[in-house]
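Observations on the model geometry
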Amino acid sequence: MDLRLDLATTNFAALAEKARAMIPALEPNWTDHNIHDPGIMLTELLAWTAEAQIYSLSRLRRDERIAYARLLGIALAGPKPSTGLIWPLSEGEAGYSEGTIFGQSLQKGTPVAALSSEKPAFRLRRDQYLTGAKLVRVTTRSPAGEQVDVTGVNQKNGATFLPFGDDPASGAVLTLRFSGVAVEPGRQGALALGFEVDDEDSAAPDAMPMRSQLAVSMRDASGERAIGVLADTTFGMRRSGVLMLDISPEEQQGGTQQFELSIRPRTALARAPRLVRAAANALDVEQAEAVMDQVVPFGTGLPDQRFRLSRIGRMTDLRVSTDEGPATADWSERPELDGSGPADRHFVQDVARNEIIFGNGINGMPPPAAAALRVEYEVCAGAYGNVAAGVQWSVPGVLGAYGTNTRPFAGGRDAIDLGQLQSEARASLSQRLVHVTPKDLEDAARALSGLRVARAHELGSLPCAARGTRTLLVVPRSSGSAPSAGSDAWIGEIRARLRPGMSLGERLDVIAPRLVQLRVRARLLIAEAATAERVIEEAQKLLREKFLAQAPDAHPIWMLGRDVTALTVKGWLRGIRDVLRVLELELIADGVAVSNGVKIGPAELPVLESVPDDISAERRSGREAGTP
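Residues numbered from 1 in each chain as written. Predicted model: local features only at pLDDT ≥ 70, side-chain atom pairs only at ≥ 80, totals over all residues. Heavy atoms only, no water.

1. A short note on the overall build of the chain
A tally of helices and strands in the chain yields 10 helices and 34 strands. Computed over its C-alpha atoms, the radius of gyration of the chain comes to 34 Å, more than 25% above the 25 Å expected for a compact globule of 628 residues. Within the chain, buried positions represent 40% of all 628 residues. Counted over contacts in the chain with a minimum sequence separation of 6, partners at least 24 positions apart contribute 73%. When the accessible area of the chain is evaluated, it comes to approximately 33200 Å², of which 51% is carbon and sulfur surface. If the 71 positive side-chain charges of the chain are averaged to one point and the 78 negative ones to another, these points end up 4 Å apart. (Helix = DSSP H or I, 4+ residues; strand = E, 2+ residues; numbered from the N terminus. Rg over C-alpha atoms; globule rule 2.2 N^0.38 Å. Buried < 20%, exposed > 50% of the residue type's maximum accessible area, 1.4 Å probe, protein only. Contact = heavy atoms within 4.5 Å. Areas by Shrake-Rupley, 256 points an atom, 1.4 Å probe, with all protein chains shown as cover. Lys, Arg positive; Asp, Glu negative; His and termini not counted. Charge placed at Lys NZ, Arg CZ, Asp CG, Glu CD.)

In structure tokens:
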């Protein structure tokens, strides 16, 4: 049923009639639809209440509309600039010129312009040093110690690799080896390492955390030391971005012509990132420019003076000042001037006309006669700054093209005013997915991109949980033979992604299963002609497959809450070819031997712990071999 109503024509009669028409389909046994029926009386009461609410909704004040929109996570905002990465041209690409960019320091705000077409102005977001060192080798090392050389993959357009393996824990390392000097003596600015992520996480937050999830160290002739991360726009390799590294020229060993940069996760990452490439000297840019409007003279001393800004698309606060003879005075913005005094240097904005308005001499001071006005602010083109991929860009001091954006510049958004606020709220309501039933919640968890959720199951109401709490058990997809409980970061990311879809008043608790360490000790009687090694190998393989959290195609194997009984395990082993009888069987759960079976709770999963010699096989000849 479509719950959206036409507020212009919906009234009490329409609501009551719609409710009465729904009764036969929803409750066929309800046959008395006259006004004396108590049920009809209740539907009319609800219709009357709804009509009153509709009447008030169409007459909301500005502050009430803003407050209701905030409940949906929508707020008034100025335009948002588009951002992206420019990758330096490599050897063989058109326009490449060796040596023209090395050793330069670029300041924050340096303009970056498109070569071939008219595009809005972009600029650097941070101070940056363009190193002349060349990346010669890229290697990855998993937490288990497996090392892979991915240099060729990193240089091949379109190929991808896992920088920290399938399980990005604290023991994983991505190492970049360079030939040359990182930062030349006398130069300044951060060294930028760019990373292009294949499966970007659209749910990554916009604001960078105070501390990067990645730790960086540098090794050269003077040894290995930690390097400060000034900014991490990759959000822990969740999206394409840069690591801005604070490498001081004084820290480098004199004459060093080779160094390595090692990147490690500080803690287990919520998702395993997949990279297209890593490279130095990537430019982190945004579509924005600084504007200064200046009028000499401006002030007249008269009340209610106005000034129209020369540019639209303002995204920062205004910095307004006047030159009044030998002194410069700063003015501050107020939402209104009713509370301002005659000597207060205040102004208000008329957003619709893109103007600023000064006081009248009673409520706020007017600019004095002959005073010069200066207004500083920053503007962006909003959605127009979302430039397509494949554009070549130039940088001051570099002859010809510096590099190309291999992906579109994105994130630009026009200002959200009161009219746009209403449109955004309607779109949000029509697209919002609410997790009403357990199946809704479980399907939403398994559909989370990049988090590799293999299994999700909503548990019943737990005795220790607060009222209104829904508990979701999740199991990560594992590349190994045994299930994994998942890291705290992984669980926290799932909770953050699912929480917006919860109904009002509901709380969500996401938990991982408790893994029960299970050993199976068995002594098998096999046929005379059977090979003991083969039978033991088949038995171990069978048990490993039975106690997987999920099959290779991500379908679940062991049911949550299902007990492990000795009779079930004996039946599995007895079904192996050439096994005549299970002479002895012992189950050991978490180091404790049990007789009949292992109790598995609703939030538990058994994990097989393989120990050599737990499975043994022996032959018996003649009459004993044929005994069932």
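Picking up after the structure, the text goes on.
2. Some details on helix H8 (residues 532-546)
For H8, which comprises 15 residues, the first-to-last C-alpha distance of 21 Å matches the rise-based estimate of 21 Å (1.5 Å per residue) to within 8%. Within H8, burial applies to Ala532, Val535, Ala539, Leu542 and Leu543. Angular distribution of buried residues about the axis of H8 spans 95°; they occupy a single face of the element. Among the exposed residues of H8, those pointing more than 90 degrees away from its buried face are Glu533 and Glu537. (Expected span 1.5 Å × (residues − 1). Arc of directions from axis to C-beta.)

3. With respect to helix H6 (residues 438-446)
Taken together, the buried positions of H6 are Leu441, Glu442, Ala444 and Ala445. End-on, the buried residues of H6 take up no more than an arc of 160°, which puts them together on one face. The elements touched by buried residues of H6 are strand E25 (453-458), strand E26 (469-476), helix H7 (488-498) and strand E27 (507-511).

4. Here's the deal with the packing of aromatic side chains
Within this structure, the stated rule accounts for nine aromatic pairs. Between Phe122 and Phe409, the ring centres sit 4.8 Å apart and the planes meet at 45°, which makes this aromatic pair tilted. With Phe122 in strand E4 (residues 122-124) and Phe409 in the loop between strand E24 (403-404) and helix H5 (418-431), this pair connects stretches of sequence that are 287 residues apart. Here the two residues Phe122 and Phe409 agree in accessibility, since each one is buried. Here Phe298 and Phe307 contribute two aromatic rings whose centre-to-centre distance is 6.0 Å and whose plane-to-plane angle is 90°, an arrangement assigned as edge-to-face. (Phe/Tyr/Trp six-rings, centres within 6.5 Å; stacked < 30°, edge-to-face > 60°.)

5. Quick look at the nonpolar core
Counting residues in hydrophobic clusters, the biggest one holds 32 residues, and the most contacted among them are Leu524, Leu543, Val564, Val569 and Leu573. Every element with two or more residues in this core is listed here: strand E28 (514-526), H8, helix H9 (566-574), strand E30 (579-589) and strand E33 (604-608). It is E28 that contributes the most residues to this core, six residues altogether. The contacts of Leu524, once residues within four sequence positions are left out, are Val535, Ala539, Leu573, Val579, Arg581, Val582, Leu583, Ile615, Ser616, Ala617 and Glu618. (Core = buried A, V, L, I, M, F, W, Y, C linked by side-chain atoms within 4.5 Å.)

6. Structural notes on the pairing of E27
Of the two faces of E27, only the one carrying Leu508 and Val510 is buried; Arg507, Asp509 and Ile511 on the other face are not. Sheet topology note: the E26/E27 ladder contains five bridges and is parallel. When the sheet's bridge partners are listed, Leu473 is paired in E27 with Ile511. (Pairing = 2+ DSSP bridges.)

7. Here's the deal with a nonpolar patch on the surface
Together, Phe12, Met41, Leu42, Leu45 and Trp48 give the surface a local cluster of nonpolar side chains, amounting to about 510 Å² of exposed area. It is helix H2 (residues 38-57) that provides the largest number of residues to the nonpolar patch, a total of four residues. Considering the arrangement of structural elements, one finds Leu42 in helix H2. (Patch = residues over 30% accessible without salt bridge, like charges linked within 9 Å, V, L, I, M, F, W, Y side chains within 5 Å. Salt bridge = Lys/Arg side-chain N within 4 Å of Asp/Glu carboxyl O.)

8. Describing the pattern of salt bridges
As enumerated under the stated definition, the model contains 40 salt bridges in all. Asp443 is paired through a salt bridge with Arg446; the nearest N and O atoms lie 2.6 Å apart. One end of the pair is Asp443 and the other is Arg446, both in helix H6 and three residues apart, which spans about a single turn. Its relative accessible area of 28% is what places Asp443 among the partly exposed residues. A relative accessible area of 36% places Arg446 in the partly exposed class. A salt bridge links Arg514 to Asp590; the shortest N-O distance between them is 3.3 Å. Residue Arg514 is located in strand E28, and its partner Asp590 is located in the loop between E30 and strand E31 (592-594); the two are separated by 76 residues in the primary sequence.

9. Some details on unusual backbone geometry
Here Val296 and Pro297 are connected by a cis peptide whose omega angle stands at -10°. Structurally, Pro297 can be placed in the loop between strand E16 (289-295) and strand E17 (306-308). Phi is positive for Asp304, close to 55°, though the residue is something other than glycine. Locating Asp304 in the fold gives a position in the loop between E16 and E17. Despite not being glycine, Asp590 shows a phi value in the positive range, around 55°. Residue classification places Asp590 among the partly exposed residues on the basis of a relative accessible area of 39%.

10. A look at the sheet that holds E17
If you walk across this open sheet you meet the seven strands as E16-E22-E18-E19-E20-E21-E17, and the pairing is mixed. Looking at strand neighbours, the two that pair on one side only are E16 and E17, the edges of this open sheet. Put simply, the sheet's adjacent strands are angled 25° from each other on average, direction ignored. Of the pairings in the sheet, the one linking strand E18 (residues 319-324) to strand E22 (residues 372-379) comprises five bridges and is antiparallel in character. Each residue of the ladder has a partner; that of Arg319, found in E22, is Glu376. (Axes fitted to C-alpha atoms, helices over the stretch in contact; angles between N-to-C directions.)

11. Considering the packing of H8 against H9
At a minimum axis separation of 10 Å, H8 and H9 run at an interaxial angle of 135°. Comparing the axis directions of H8 and H9 gives the class oblique. Remark: the crossing between H8 and H9 carries right-handed chirality. In this structure, H8 uses Ala539, Leu542, Leu543 and Lys546 to contact H9, whose residues at the interface are Val569, Trp572 and Leu573. (Parallel < 35°, antiparallel > 145°, perpendicular 65-115°, else oblique. Left-handed = near helix turned anticlockwise from the far one by under 90°.)

12. Looking at the sheet that holds E25
In spatial order, the strands read E25-E26-E27; together these three strands make up an open sheet with mixed pairing. Every interior strand has two partners, whereas the edge strands, E25 and E27, have only one. Here the average twist between neighbouring strands, direction ignored, is 25°. Relative to E27, H7 is tilted by about 155°, and along the sheet it contacts E25, E26 and E27.

13. Observations regarding the side chain of Gln287
Within the fold, Gln287 resides in the loop between strand E15 (283-286) and E16. Among the polar contacts listed, one links the side chain of Gln287 to the backbone nitrogen of Ala381, at a separation of 2.6 Å. Residues contacting Gln287, with those up to four places away along its chain left out, are Pro81, Ser82, Pro120, Ala121, Phe122, Val379, Cys380, Ala381, Gly382 and Gly385. (Polar contact = N/O pair within 3.5 Å; in protein donor to acceptor, adjacent residues only side chain to side chain.)

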